[in-house]
Amino acid sequence: MTRWLLLIPATVLAFVTMATAQSHPPEIWSKDEYPNPQKKPSECGRNNKISYICDPNKLLEPKEAAALDKLIDDIRNHTTCPCSAYACRHKRQGFIVAIALAEGMQRPDDTDDDDELKLLNDAGSFASHLRGNSWKFGNCMESVVIFYSLRDNVVFTSTGQTAMIHLTNKHIVQISENTRRYFGKGRPLYKGLEKMLKEYRSVFKNSYGYRQANPSQHEHLPATPGASRSGASRLIAGSAILMATKFVMRLL
């Protein structure tokens, strides 16, 4: 009887294992395991495109993520360098805005899902960890991270110390108010992120004017369970609790 022995190189096995893992990313992310879109774009759902957007659970369509990438590049390339004069001689780009999207975020086992203060703290911890520890984009704390968790219905903006001089808590509160109707299950996430980026860009270019949300008369958003017909949602400001650099939005 002839016996055949099949040898599979370790590198091929590793590739198959990695490909399988990437095709089934976790739905609940811890802040320590969440990938970096500049270093591991394939794990961020970007098809190996180096980016400032991480979307491992693919909450956005590829063309939507690509359009947001262009907006982020525009902010980075067409705003003034906010660092020191010495640093700006070597760095001509301006502010860096990054986006982190997740199906859900990992929270402590004893967390009360109805405790909004804990939700605020957990979302803030996640966003700030990415901005200040695992991602560390920029040279002088001029970066901003917008974090969104779908299952938790929370949007949180974390700003570096240099960025917060320009993008203040008041700006973030107003802009979140203007965009909140786009966030929530079944709602057009892309439109919310697009509008948020455009308004942040206006702030960084010193052309932002405070204004109330004014949805288009022709804009029809899908209904969200528990929300009013106007798409109103509940806002929680975190400035008094977690510093004036952060804001969280909890949607009904």
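As the structure is a prediction and not an experimental result, all values here were calculated from the model. (Residues numbered from 1 in each chain as written. Predicted model: local features only at pLDDT ≥ 70, side-chain atom pairs only at ≥ 80, totals over all residues. Heavy atoms only, no water.)

Student: Looking at this structure, I do not really get the overall build of the protein chain. What am I missing?
Tutor: Scanning the protein chain for helices and strands turns up eight helices and eight strands. Residues classed as buried in the protein chain amount to 46% of the 252 residues present. Put simply, 63% of the contacts in the protein chain that link residues at least 6 apart link residues at least 24 apart. Carbon together with sulfur atoms contributes 52% to the accessible area of the protein chain, which is approximately 13900 Å² in total. (Helix = DSSP H or I, 4+ residues; strand = E, 2+ residues; numbered from the N terminus. Buried < 20%, exposed > 50% of the residue type's maximum accessible area, 1.4 Å probe, protein only. Contact = heavy atoms within 4.5 Å. Areas by Shrake-Rupley, 256 points an atom, 1.4 Å probe, with all protein chains shown as cover.)

Student: I'm lost on the pairing of strand β5 (residues 143-149) in this one. Help?
Tutor: Regular strands place side chains that alternate from one sheet face to the opposite one. For β5, the buried fraction is high: seven of the seven residues fall into the buried class. Of the two faces of β5, the one holding S143, V145, F147 and S149 and the one holding V144, I146 and Y148 are both buried throughout. As judged from the seven bridges shared by strand β3 (residues 96-102) and β5, these two strands associate in the parallel manner. Each residue of the ladder has a partner; that of A98, found in β5, is V145. Of the strand pairs in this sheet, β5 and strand β6 (residues 154-159) are connected by six bridges, and their pairing is antiparallel. For F147, the partnering residue across the bridge sits in β6 and is F156. Between the end of β5 and the start of β6, which pair antiparallel, lie four residues, with N153 showing a positive phi angle near 50 degrees. (Pairing = 2+ DSSP bridges.)

Student: How do you make sense of the confidence of the model for the protein chain when you look at a structure like this?
Tutor: Parts of the model with low pLDDT should not have their predicted coordinates read in detail. Taken over all residues, the pLDDT of the protein chain has a mean of 80, while the share at 70 or more is 72%. Below a pLDDT of 50 lies the segment residues 4-21, which in the model reaches one contact outside its immediate sequence neighbourhood of four places, other chains included. (pLDDT = per-residue confidence, 0-100.)

Student: Hey, could you run me through the state of the cysteines in this one?
Tutor: Each disulfide is one covalent bond, formed between the sulfur atoms of two cysteines. Considering all chains together, one arrives at three disulfides under this definition. One disulfide bridge connects C44 with C54, the sulfur atoms lying 2.1 Å from each other. Between C44 and C54 the sulfur-sulfur dihedral comes to about -85 degrees; the bridge is accordingly left-handed. In this pair, C44 is assigned in the loop between β1 (28-29) and β2 (53-54) and C54 in strand β2, connecting sequence segments 10 residues apart. Taking relative accessible area as the criterion, C44 reaches 0% and is therefore assigned buried. Residue C54 is classed as buried on the basis of its relative accessible area of 0%. With cysteine numbering restricted to those in disulfides and following the sequence, the protein chain has the pairing 1-2, 3-5, 4-6. (Disulfide = S-S within 2.5 Å.)

Student: What am I meant to see in the pattern of salt bridges here?
Tutor: Side-chain pairing between opposite charges can occur once the charged atoms of the two side chains come close. If you walk through the whole model with that rule in mind, you get nine salt bridges. A salt bridge links E177 to R180, with the shortest nitrogen-to-oxygen separation between them at 3.3 Å. Assessed through its relative accessible area of 23%, E177 is described here as partly exposed. Beyond isolated ion pairs, a larger network of salt bridges with shared partners links E27, E103 and R151. (Salt bridge = Lys/Arg side-chain N within 4 Å of Asp/Glu carboxyl O.)

Student: I would appreciate a short explanation of the packing of helix α2 (residues 62-77) against helix α7 (residues 189-204) in the present structure.
Tutor: When two helices pack together, their arrangement is captured by the angle between the axes and the distance separating the axes. Two elements in contact, α2 and α7, have axes whose closest approach is 10 Å; the angle formed by their N-to-C orientations is 5 degrees. Between α2 and α7, the angle falls in the class roughly parallel. Of the residues in α7, those in contact with E64, A67, L68, L71, I72, D74 and I75 of α2 are Y190, L193, E194, L197, K198, R201 and F204. Residues of the contact of α2 with α7, tallied by class, amount to nine nonpolar, no polar and five charged. (Axes fitted to C-alpha atoms, helices over the stretch in contact; angles between N-to-C directions. Parallel < 35°, antiparallel > 145°, perpendicular 65-115°, else oblique. Nonpolar A, V, L, I, M, F, W, Y, C, P; charged D, E, K, R; others polar.)

Student: Explain the side chain of T157 here, please?
Tutor: Structurally, the position occupied by T157 is in strand β6. Of the polar contacts made by the side chain of T157, one reaches the side chain of Y200; its length is 2.9 Å. (Polar contact = N/O pair within 3.5 Å; in protein donor to acceptor, adjacent residues only side chain to side chain.)

Student: Would you take a moment to explain the side chain of N57 for this structure?
Tutor: Among the structural elements, N57 can be located in the loop between β2 and α2. When sequence neighbours within four positions are dropped, the list of residues in contact with N57 reads P25, P26, E27, W29, A102 and E103.

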